[in-house]
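# A structural walkthrough
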Amino acid sequence: MVSLENILVVGAGTMGHGIAEVAAMNGFRVIIHDIKQEFLDNAISKVKWSLEKMAEKGGLRESPSTILSRVETTLDLESAARRADFVIEAVPERMEIKRDVFTKLDRNAPPHAILATNTSSLPITEISETTSRPERVVGMHFFNPPVLMPLVEVIRGKHTSEGTVKGAYELAKKLGKQPVLVNRDIPGFIVNRILARFLGTSCRLAAGGVASIEEIDAAIRYKLGMPMGAFELSDYVGIDVLYDIMAAITARGFKMEICPLFEEKYEQGKYGVKKGEGFYQHPGNRFRKPSIDKGLAENVDPVLLIAPAVNEAAYLLRDGVASRDDIDKAVKLGLNYPKGIFEYADDYGIDVVVSALNKLKGTLKSEEFTPDPMLSRIMEEGNLGRKTGKGFYEYAKAEEEKLRTIMLRVEPPIAWIILNRPEKLNAITTEMISEMSRALDELEERDDVRVVILTGAGSRAFSVGADITSFVGITPVKAAIFSRRFQELTSKIEFYTKPVIAALNGYTLGGGLEVAMACDFRMASELAELGQPEINLGLIPGAGGTQRLPRLVGKSAAKMMIYTGDRIPASEAAHMGLIDKVVPPERLSDEARELALKLAEKPPLALMAAKYAVIMGLESNIWAGLANESWLFGLLLSTDDVVEGVSAFLEKRRPKFKGK
């Protein structure tokens, strides 16, 4: 692909103006085309509003006016196409409209231009065959809203060239998105196929009287840990939107019976939030999260709900549609699942998933629940998931303990402390502080644990900081006590006798950043955003942020972050020295584990001495620091680990340190 400067977005609707905004935010010149000026004016108005809102929250690195200066609108498609290096079509999901657009693009766009369609359900191949250059046509499925949703499915049509796929993939990355590759042009691609299985099964169980709508949504929320139940999600997205997607992909060969409850709501015009009523009531056409009794979750086996989605994912993997990692990445980023679909399968057990599918097959009388051959083969091999050490993934021998606000996972020589309030973006409470402190104390006593990793449950946040609801009615004295106890935790982490790694998988704000700064190393997902936003509440950081941040990034940069409360992306945080390494989100756990295993091979006593020498030296004068270093150096010479290290060096073998 030649130098890419001008992006043409065809269609100024919700997806179109959102994609245009993302492109302009990332430095591209953008032309938006639509058939009426009022559509274009409305699009610019919405982009301006969105940019101003992000600027208020500290989420922009340029002013809204500077970004908007890169956007122009036009009613003349032919003229705009002649200037385009890359085209993204986002017109309504009707094949005749798309074919007409691509015919005009083909006649007018320069030969080097890539023509992408944002379709969520129509065949890329069929669209491409409208043109004389089908090899330059590709699918780029953004998710709504494009400004916030990080996922883009890049879909290879039957005729799409490798260069075109690579061009679309690289553009998605330049737009700050996380692309996944769909290798075959199948109905629904990855996300919508898995979502259709999940929503369809949930709906048919309710329609068949197996469980109520509230019971199913309770199980999804409280047992599967998802942010929304199937029916509240349907209301939020729009029952009409979901029904149209299901109808489109089933018409093109996706074998699924559309649930009668969906058909009923669709025919009645009860589309959900936009109409004020769907499966739940939404007064004023505003989304209100339904209040669902947690106890209802006990009436539904969650594996029945997730198993068909696992089955679909297994087919996608077996048939080469997408890789394991891209499928798990897609559901985490596109559907906000707290873990990948294959991770769910491994956690519950492949045998349990297959059993659930067979039960659904009998209960709902449908062949669509027949277990995929890949699941049957894995089960026959005895690879049942986490409980056997291997399923879709391989696992070190591990023990897990789930507390009220954290999970503790020990896979010697590593231990994980996982902040586990994903529905609250892992906001930190007094209880979480106490549980983290006790977990650190227990792990410190274990000889089989050499390194501790801190991370957050779910894909959206490490932690957004202290739970603000706990501050309601709190007295100044109680607030000071909370701050002191929080500081005790961060100080315990900083002076911990074992290395501590922070794996930052999303928002790392306020107290979450203060916890991370106390760790020895900070590794972040490309999607992570960091900040100290307390100033926006009339507060200042209270768990060490005013002290550790300037020590890490310098006084001026720390003041800027604390005074403005602005968030910064992981890449900028790395440039400042606040983050040690930025990695793709699907690689974060593996990268953290690799570093932990590398550190675990080192002599524990020497690691502890090195840590204390560095920290205490920085907090004192150089003469005291040098003296401390000398004493620690001398003490280490008396340890068994030094004898082992020297012997291994002379014998040309890997040392086996025991911390003695």
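The following paragraphs examine the structure supplied in this document. (Residues numbered from 1 in each chain as written. Predicted model: local features only at pLDDT ≥ 70, side-chain atom pairs only at ≥ 80, totals over all residues. Heavy atoms only, no water.)

### Quick word on unusual backbone geometry
Operational definition: Secondary structure counts use DSSP, requiring at least four H or I residues in a row for a helix and at least two E residues in a row for a strand, with both numbered from the N terminus. Here the term buried applies to any residue with accessible area under 20% of the maximum for its type, exposed to any over 50%, and partly exposed to those in between, with areas from a 1.4 Å probe on protein chains only.
Note that the residue after asparagine 144, namely proline 145, is joined by a cis bond; omega there is -5°. Tracing the sequence through the fold places proline 145 in the loop between strand S6 (137–142) and strand S7 (151–155). In this structure, proline 413 follows proline 412 across a cis peptide bond, with omega equal to 10°. Within the secondary structure, proline 413 sits in the loop between strand S10 (406–411) and strand S11 (414–419). Despite not being glycine, lysine 365 shows a phi value in the positive range, around 55°. For lysine 365, the position within the fold is in the loop between helix H16 (350–363) and helix H17 (373–380). Its relative accessible area of 68% is what places lysine 365 among the exposed residues. Positive phi is not limited to glycine here, since asparagine 426 has a value of about 60°. The topology assignment puts asparagine 426 in the loop between S11 and helix H18 (430–444). Relative accessible area serves as the criterion here: at 0%, asparagine 426 is assigned to the buried category.

### Quick look at H16
Threshold: For a helix, the expected span equals 1.5 Å multiplied by the number of residues minus one. This arc corresponds to the set of directions leading from the helix axis out to the C-beta atoms. Two residues qualify as a contact provided that any one of their heavy atoms is within 4.5 Å of a heavy atom in the partner residue.
Between its first and last C-alpha atoms H16 spans 20 Å; for 14 residues at 1.5 Å apiece the expected length is 20 Å, and the two agree. Listed in full, the buried residues belonging to H16 are Ile350, Val353, Val354, Ala356, Leu357 and Leu360. Relative to the axis of H16, the buried residues are bounded by an arc of 160° and lie together on one face. For H16, the secondary structure elements touched by its buried residues are helix H8 (191–207), helix H13 (302–318), helix H15 (341–348) and H17. The first or second residue beyond H16 is lysine 365, which carries a positive phi of 55°.

### Notes on helix H24 (residues 588–600)
Compared with an ideal rise of 1.5 Å per residue, which puts 13 residues at 18 Å, H24 spans 18 Å between its outermost C-alpha atoms and is within 8% of the ideal. Of the residues making up H24, those classed as buried are Leu588, Glu591, Ala592, Ala596, Leu599 and Ala600.

### Description of the nonpolar core
So the rule is basically this: What we call a nonpolar core is a set of buried Ala, Val, Leu, Ile, Met, Phe, Trp, Tyr and Cys residues that are connected through their side-chain atoms within 4.5 Å.
Core analysis: the largest hydrophobic core is formed by 99 residues, its most contacted members being Leu8, Leu105, Phe198, Phe262 and Ile341. If one sorts the elements of this core by residue count, H13 sits on top with ten residues. If near-sequence neighbours (up to four positions away) are discounted, leucine 105 is found in contact with Leu8, Val10, Leu77, Ala81, Val87, Leu115 and Arg133. Counting residues in each nonpolar core, the second largest holds 46 residues, with Met432, Ala439, Val452 and Phe486 among its members.

### Brief notes about the pattern of salt bridges
How we decide: Any carboxyl oxygen of Asp or Glu within 4 Å of a side-chain nitrogen of Lys or Arg constitutes a salt bridge here.
Across all of its chains, the model carries 48 salt bridges by this definition. In this structure, arginine 386 and aspartate 347 form a salt bridge, with 3.0 Å as the shortest nitrogen-oxygen distance. Taken together, the residues span a long stretch of sequence, with arginine 386 in the loop between H17 and strand S9 (399–402) and aspartate 347 in helix H15 at a distance of 39 residues. Residue class for arginine 386 comes out partly exposed when judged on its relative accessible area of 26%. The salt bridge partner of arginine 446 is glutamate 399, with a shortest N-O separation of 3.1 Å. Remark: glutamate 399 occurs in strand S9 and arginine 446 occurs in the loop between H18 and strand S12 (451–456); sequence separation between them is 47 residues.

### Brief notes about the packing of aromatic side chains
Our working rule: To pair, rings of Phe, Tyr and Trp, with the six-membered ring standing in for Trp, must have centres within 6.5 Å; the planes then decide the type, stacked if under 30 degrees apart, edge-to-face if over 60, and tilted in the middle.
The final tally for this structure, using the stated rule, is ten aromatic pairs. With a centroid separation of 5.1 Å and an interplanar angle of 75°, the aromatic rings of tyrosine 236 and phenylalanine 287 are classed as edge-to-face. Here tyrosine 236 is found in helix H10 (residues 230–237), whereas its partner phenylalanine 287 is found in the loop between helix H12 (260–268) and H13, with 51 residues between them in sequence. Among the residues examined, phenylalanine 287 registers a relative accessible area of 28% and is labelled partly exposed. The structure contains a cluster of three or more aromatic residues connected by ring pairs, namely Phe198, Tyr337 and Tyr344.

### Re the environment of isoleucine 186
Mapped onto the secondary structure, isoleucine 186 falls in the loop between strand S8 (178–182) and H8. Sequence spacing of isoleucine 186 and leucine 199 is 13 residues, and the spatial spacing of their C-alpha atoms is 19 Å. The residues touching isoleucine 186, leaving out its near neighbours within four places in the chain, are Arg193, Tyr315, Leu316 and Val321.

### Structural notes on the state of the cysteines
Convention followed: Working definition: a disulfide is two cysteine sulfur atoms within 2.5 Å of each other.
Inspection of every chain in the model, using the stated rule, returns one disulfide. Note on cysteine connectivity: cysteine 203 is disulfide-linked to cysteine 259, with sulfurs 2.1 Å apart. Between cysteine 203 and cysteine 259 the sulfur-sulfur dihedral comes to about -70°; the bridge is accordingly left-handed. Of this pair, cysteine 203 sits in helix H8 while cysteine 259 sits in the loop between helix H11 (239–251) and H12, placing them 56 residues apart in sequence. You can call cysteine 203 buried: its relative accessible area is 0%. Using a relative accessible area of 1% as the deciding quantity, one classes cysteine 259 as buried.

### A word on the sheet that holds strand S18 (residues 568–569)
Whether parallel or antiparallel, the strands of a sheet pair through hydrogen bonds between backbone atoms. Just so we agree on the cut-off: Note on pairing: DSSP must find at least two bridges between two strands before they are called paired.
What the four strands build is an open sheet, ordered S13-S15-S17-S18; its pairing is mixed. On the outer flanks of this sheet lie strand S13 (461–463) and S18, each paired with one strand and no other.

### Description of the side chain of threonine 131
To keep things clear, this is the line we draw: Within 3.5 Å is the distance limit for a polar contact, defined as a pair of N or O atoms, with the added protein rule that one can donate a hydrogen and the other accept it, and that residues adjacent in sequence qualify only through two side-chain atoms.
Mapped onto the secondary structure, threonine 131 falls in the loop between helix H6 (124–128) and S6. A distance of 2.8 Å separates a polar atom in the side chain of threonine 131 from the backbone oxygen of serine 128. Only 3.2 Å separates the side chain of threonine 131 from the backbone nitrogen of arginine 133, close enough to count as a polar contact. Residues in contact with threonine 131, not counting those within four places in the same chain, are Phe102, Asp106 and Val137.

### With respect to the pairing of S9
Sheet topology note: the S9/S10 ladder contains four bridges and is antiparallel. In the strand pairing of S10, glutamate 401 is matched with leucine 408. Turn length for the S9-S10 hairpin, with the two strands adjacent in sequence and antiparallel, is three residues.

### Thoughts on the environment of threonine 546
With respect to the helices, strands and loops of the structure, threonine 546 is situated in helix H21 (residues 545–553). Residues threonine 546 and leucine 357, 189 residues apart in the sequence, show an inter-C-alpha distance of 54 Å. Contacts of threonine 546, omitting those with residues within four sequence positions, involve Pro541 and Ile562.

### What about the pairing of S6?
In terms of burial, S6 is a largely internal element, six of the six residues being buried. Burial along S6 is two-sided: the face carrying Val137, Gly139 and His141 and the face carrying Val138, Met140 and Phe142 are both buried. Bridging between strand S5 (residues 114–117) and S6 involves three bridges; their strand directions are parallel. Bridging from a neighbouring strand, alanine 116 pairs with valine 138 of S6. For S6 and S7, the ladder comprises four bridges, and the chain directions are antiparallel. Bridged to histidine 141 within S7 is glutamate 153.

### Let's talk about the sheet that holds S10
Where we set the bar: Axis geometry follows a simple rule: fit a line to the C-alpha atoms, using only the stretch in contact for helices, then measure angles between N-to-C directions, giving values from 0 to 180 degrees.
Within the open sheet, the seven strands sit side by side as S9-S10-S11-S12-S14-S16-S19. Their pairing is mixed. Lying at the two open borders of the sheet, with one neighbouring strand each, are S9 and strand S19 (581–583). When the angles between neighbouring strand axes are averaged without regard to direction, this sheet yields 20°. Taken together, the four bridges between S12 and strand S14 (residues 500–504) define a ladder with parallel strand orientation. Of the residues in S14, the one forming a bridge with isoleucine 453 is isoleucine 501. The sheet strands contacting H24 are S10, S11, S12, S14, strand S16 (521–525) and S19, and the helix crosses S16 at an angle near 160°.

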